[in-house]
Amino acid sequence: MSVRCTPSPLAGHYNRDNGYYLDYHRRTATQEAFNEWADEWVYDVENRDEYLEQIDADLSITDPTVAAEVQYGQ
């Protein structure tokens, strides 16, 4: 099992799931619509493995990303 915190990205590990954000925006315009979405993606999901099975996106990175060195002072 891959460890992901979708739909948000993690630099150097996996990309942002843009499709998920767009689908969420499209499907949650009203409270009733949001409740239906939440049932599908939150309340009716038994565990993380089941959640990961629902995701239909390849978020693999093609080039590793390295952040610049930071000096916070002393």
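By convention here, each chain's residues receive numbers from 1 onward along its written sequence. Side-chain atom pairs in this predicted model are given and counted only at pLDDT of 80 or more, local residue features only at pLDDT of at least 70, and totals for whole chains, interfaces and linings cover all residues. Computation of side-chain values covers all heavy atoms of the structure but excludes hydrogens and water.

Put simply, buried Ala, Val, Leu, Ile, Met, Phe, Trp, Tyr and Cys residues joined by side-chain atoms within 4.5 Å make one nonpolar core. Categorising residues by exposure relies on relative accessible area from a 1.4 Å probe, with only protein chains included: less than 20% of the type maximum marks a residue as buried, more than 50% marks it as exposed, and the intermediate range marks it as partly exposed. In this structure, Y20, W37, A38, W41, V45, Y51, L52 and I55 together form the largest nonpolar core, which totals 8 residues. Starting at the N terminus, helices and strands are each numbered in turn, a helix being any DSSP run of H or I of at least four residues and a strand any DSSP run of E of at least two. Mapped onto this core, the elements with two or more residues apiece are α2 (31-43) and α3 (48-54). Counting residues per element, this core draws most heavily on α2, which supplies 3 residues.

What follows is about the side chain of D17. Mapped onto the fold, D17 is located in the segment before α1 (18-27). With near-sequence residues (within four places) excluded, D17 lies in contact with P7, I55, A57 and L59. In this description, contact between two residues means that some pair of their heavy atoms is separated by no more than 4.5 Å.

Take the confidence of the model for the protein chain next. For the protein chain, per-residue confidence averages 82 on the pLDDT scale, and 91% of positions sit at 70 or higher. By mean pLDDT, α3 is the weakest element of the protein chain at 83, and α2 is the strongest at 93. Per-residue confidence from the predictor is reported as pLDDT, which spans 0 to 100.

Let's shift gears to the packing of α1 against α2. The convention used is that axes are lines fitted to C-alpha atoms, helices contributing only their stretch in contact, and that angles between N-to-C directions extend from 0 to 180 degrees. For the pair α1 and α2, interaxial distance at closest approach is 9 Å and the crossing angle is 140°. Between α1 and α2, the crossing angle belongs to the class labelled oblique. Where α1 abuts α2, its residues Y20, Y24 and R27 lie against A33, F34, W37, E40 and W41. Here the residues of the contact of α1 with α2 are counted per class, giving 6 nonpolar, no polar and 2 charged. Note that the term roughly parallel is reserved for angles under 35 degrees, roughly antiparallel for angles over 145, roughly perpendicular for angles of 65 to 115, and oblique for everything else. Side-chain classes follow a simple rule in which Ala, Val, Leu, Ile, Met, Phe, Trp, Tyr, Cys and Pro form the nonpolar group, Asp, Glu, Lys and Arg form the charged group, and the remainder, Gly included, forms the polar group.

Locating V45 in the fold gives a position in the loop between α2 and α3. With relative accessibility at 15%, the residue V45 sits in the buried group.

Let us now look at the pattern of salt bridges. By salt bridge we mean one thing: a side-chain nitrogen of Lys or Arg within 4 Å of a carboxyl oxygen of Asp or Glu. Using the criterion set out here, one finds 3 salt bridges in the structure. D23 is the salt-bridge partner of R26, the closest N and O atoms lying 2.4 Å from each other. Separated by 3 residues within a single helix, R26 and D23 lie in helix α1, roughly one turn from each other. For R26, a relative accessible area of 61% gives the class exposed. Salt bridges sharing partners connect three or more residues here, namely D23, R26, R27 and E40.

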